[in-house]
Amino acid sequence: MTTLARVINRLRRPLRIRLVGPADQAAAALHGLAHMVNRRPDMADRRIRIDLTIREKPMQEWR
């Protein structure tokens, strides 16, 4: 990745991800996200903001 691309990536708005769910599902989603970011060269030096909420209630009770 060129220096110019790194500077542009730092100036871009951060990628925002919101995860809400049970701990095991949130952990699996974070694991998959880490693999995706690791494989994509365009994600190098990109800021990522992750809002994580762990809820142990069944999905029907969330709404």
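Values in this document were obtained by computation on a predicted structure and should not be read as measured data.

Quick notes on the rules
Residues numbered from 1 in each chain as written. Predicted model: local features only at pLDDT ≥ 70, side-chain atom pairs only at ≥ 80, totals over all residues. Heavy atoms only, no water. Helix = DSSP H or I, 4+ residues; strand = E, 2+ residues; numbered from the N terminus. Buried < 20%, exposed > 50% of the residue type's maximum accessible area, 1.4 Å probe, protein only. Contact = heavy atoms within 4.5 Å. Areas by Shrake-Rupley, 256 points an atom, 1.4 Å probe, with all protein chains shown as cover. pLDDT = per-residue confidence, 0-100.

S.K.: Give me the lowdown on the overall build of the protein, citing residues and values where you can.
M.R.: Scanning the protein from N- to C-terminus turns up 2 helices and 2 strands. Counting from the amino terminus, helix and strand elements in the protein follow one another as α-β-α-β. For the protein, the residues scored as buried account for 14% of the 63 residues in total. If you take every contact in the protein between residues at least 6 apart in sequence, the share linking residues at least 24 apart comes to 81%. Taken as a whole, the protein presents about 5,200 Å² of accessible surface, with 55% of it coming from carbon and sulfur.

S.K.: Break down the confidence of the model for the protein for me, with residues and values.
M.R.: For any part of a model where pLDDT is low, the fine detail of the predicted coordinates should not be relied upon. Within the protein, residue pLDDT values average 78, and 87% of them lie at 70 or more. The least confident element of the protein, judged by mean pLDDT, is helix H1 (residues 3-11) at 76; the most confident is helix H2 (residues 23-39) at 86.

S.K.: Any details on the environment of valine 20? Residues and values, ideally.
M.R.: Position of valine 20 among the secondary structure elements: in strand S1 (residues 15-21). Taking relative accessible area as the criterion, valine 20 reaches 30% and is therefore assigned partly exposed. Sequence separation of valine 20 and isoleucine 54 is 34 residues, and the distance between their C-alpha atoms is 6.0 Å.

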